[in-house]
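Secondary and tertiary structure notes
The chain contents come next:
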Amino acid sequence: MVQDSFKKDISVIISIFNEEESLRELVEWIEKVMESNRFSYELIMVDDGSKDRSWEIILDLAKKNSCIRGISFRRNYGKSAALYCGFKEAEGRVVITMDADLQDSPEEIPEMYRMITEDGYDIVSGWKKHRKDNAITKNLPSKLYNATARKITGIRLHDMNCGLKAYRNEVVKNIEVYGEMHRYIPYLAKNAGFDKITEKPVHHQKRKYGKSKFGVERFVNGFLDLLSLWFLSTFSKKPMHFFGFTGLLTFFIGGLLAVWIIIEKLVQQAHGVPYRPVTDQPLFYLALVALVIGVLLFLAGFLGEMISRTSQDRNHYNIKDKF
């Protein structure tokens, strides 16, 4: 089934952090799906600094299955780092990411593979339509988080943060995942020009072993990361468009207030009406602050523009085809 220049049909990438109880069962499940569908595949298991026996189990599994490849971090760097390293190593035509906690079903892989290879999608994102998590701590915050993400990114996905996703190989080779940006890979891909993105309802299971490694704080951090990503993708190569415009607007408002205060004083003085000195009016100092902030914002935009012009990737573009 291997086509083009890819060595495998599928690369499955799993980020692992203290999941020793589930690894053998998960690998057995994946093997069963791959063999029944006659896929050639590789299973890239990234141990993200686990403190349990996860890496030992991975080594043992690799002895029994030559399709298993392992990467072990010296400490916990986070899911984005694990996926970044997995993406660099992936040789499959389609790249699948999934969690190691058995909540994602490998049975979804064949259909997601078909949607990439036959329907022509760049990304197929899983949608945990019927979640098995706690309704208060997971479901409600997740709905609010995803609604905000849809509004800001313009990508109509119900579950942006679902770990089960399928990618065309070209997608993962042309994006950089860092920090905690694994939540927004579809948005990173869209900004790189891969906009054929869809979703597929997937079966979601209750966690069988251990407990979740992510708390409610991930939604707050996720929202802040989303704002950062939106700002960088919109203004990173044209900072003057944001800082310059905001600075000019603030400077104009401050100047207008200052002129209005001075003119008001002159008019009152000319008509012999009692007036307050300009420097006694709090609004005058607010106007001065606005003027100073406006200048600082404009200078920030100018400096940002200078930095952007000297950036090594200022002319980095993803070319779809050429002849």
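Worth saying up front: this structure is predicted, and the values here are computed from it rather than measured. (Residues numbered from 1 in each chain as written. Predicted model: local features only at pLDDT ≥ 70, side-chain atom pairs only at ≥ 80, totals over all residues. Heavy atoms only, no water.)

All chains considered together, the criterion is met by five aromatic pairs. A ring pair is formed by F73 and Y77, whose centres lie 5.3 Å apart and whose planes are at 90 degrees; its orientation type is edge-to-face. Judged by relative accessible area, which is 12%, F73 ranks as buried. Summarising the aromatic geometry, the rings of F284 and Y285 are spaced 5.5 Å apart at their centres and angled 75 degrees between planes, so their arrangement reads as edge-to-face. Its relative accessible area of 15% is what places F284 among the buried residues. (Phe/Tyr/Trp six-rings, centres within 6.5 Å; stacked < 30°, edge-to-face > 60°. Buried < 20%, exposed > 50% of the residue type's maximum accessible area, 1.4 Å probe, protein only.)

Attention now goes to helix α2 (residues 54-64). Taken as a whole, α2 has its buried residues at S54, I57, I58 and L61. Axial view of α2: buried residues confined to an arc of 105 degrees, hence all on one face. (Helix = DSSP H or I, 4+ residues; strand = E, 2+ residues; numbered from the N terminus. Arc of directions from axis to C-beta.)

What follows deals with the UniProt feature "transmembrane region" (unreviewed entry) in the chain. In the numbering used here, UniProt assigns the "transmembrane region" (unreviewed entry) feature to residues 242-263 and 283-304. Along residues 242-263 one finds 100% helix and 0% strand; the C-alpha atoms at either end are 32 Å apart. Spanning residues 283-304, this segment combines 100% helix with 0% strand, and its end C-alpha atoms are found 31 Å apart. (UniProt positions renumbered as here; feature names shortened; annotations may be inferred.)

Working note: regular strand, side chains alternate between the two faces of the sheet. Of the strand pairs in this sheet, strand β2 (residues 41-47) and strand β3 (residues 68-72) are connected by five bridges, and their pairing is parallel. Each residue of the ladder has a partner; that of I44, found in β3, is R69. As for the winding sense of the linkage, the β-α-β connection from β2 through α2 to β3 is right-handed. (Pairing = 2+ DSSP bridges. Right-handed = clockwise from strand over helix to strand, strands pointing away.)

So, about a nonpolar patch on the surface. Taken together, the side chains of L248, F251, V292, V295, L296, F298, L299, F302, L303 and M306 make up a nonpolar region of the molecular surface, amounting to roughly 940 Å² of accessible area. If you list the elements that add at least two residues to the nonpolar patch, you get α9 (239-270) and α10 (282-309). A per-element tally of the nonpolar patch places α10 first, with eight residues. With respect to the helices and strands, L299 occurs in helix α10. Overall, L299 belongs to the partly exposed group, its relative accessible area being 42%. (Patch = residues over 30% accessible without salt bridge, like charges linked within 9 Å, V, L, I, M, F, W, Y side chains within 5 Å. Areas by Shrake-Rupley, 256 points an atom, 1.4 Å probe, with all protein chains shown as cover. Salt bridge = Lys/Arg side-chain N within 4 Å of Asp/Glu carboxyl O.)

Once that is clear, we can look at the nonpolar core. Generally speaking, nonpolar side chains in soluble globular proteins are found buried as a group. In terms of nonpolar packing, the biggest core is built from 34 residues, with I10, V12, I14 and L43 touching the most fellow members. Put simply, the parts of the chain that give this core at least two residues each are β1 (8-16), α1 (23-36), β2, α2, β4 (92-99) and α4 (109-117). Top element by residues in this core is α1. It accounts for seven residues. Discounting chain neighbours no more than four positions away, the residues touching I10 are M34, F39, S40, Y41, E42, G92, V94, I96, I109 and Y113. (Core = buried A, V, L, I, M, F, W, Y, C linked by side-chain atoms within 4.5 Å. Contact = heavy atoms within 4.5 Å.)

What follows covers the sheet that holds strand β6 (residues 165-168). Sheet architecture is open: seven strands sit in the order β3-β2-β1-β4-β6-β5-β7, paired in mixed fashion. The open sheet terminates on both sides in strands that have one partner only, identified here as β3 and β7 (197-201). Ignoring which end each strand starts from, the neighbouring axes of this sheet average 20 degrees apart. As paired strands, β1 and β2 are joined by seven bridges and run parallel to one another. Following the sheet pairing, S15 is matched in β2 by V46. Where α2 meets the sheet, it contacts β1, β2 and β3, and its direction lies at approximately 155 degrees from that of β3. (Axes fitted to C-alpha atoms, helices over the stretch in contact; angles between N-to-C directions.)

Summed over the entire model, instances satisfying the criterion amount to one cavity of 30 Å³ or more. Of the pockets and cavities examined, the largest cavity occupies roughly 70 Å³. Along its surface, the largest cavity is lined by K79, L83, T97, M160, N161, C162, G163, K165, Y167, H182 and R183. Elements represented by at least two residues in the lining of the largest cavity include exactly α3 (79-89) and β6. In the lining of the largest cavity, the residues fall into four nonpolar, four polar and three charged. (1 Å grid on protein atoms, 1.4 Å probe; cavity = no way out; pocket = protein on both sides within 12 Å on 5 of 7 lines; lining within 4 Å. Points joined across faces, edges and corners; volume = space filled by probe spheres on them. Nonpolar A, V, L, I, M, F, W, Y, C, P; charged D, E, K, R; others polar.)

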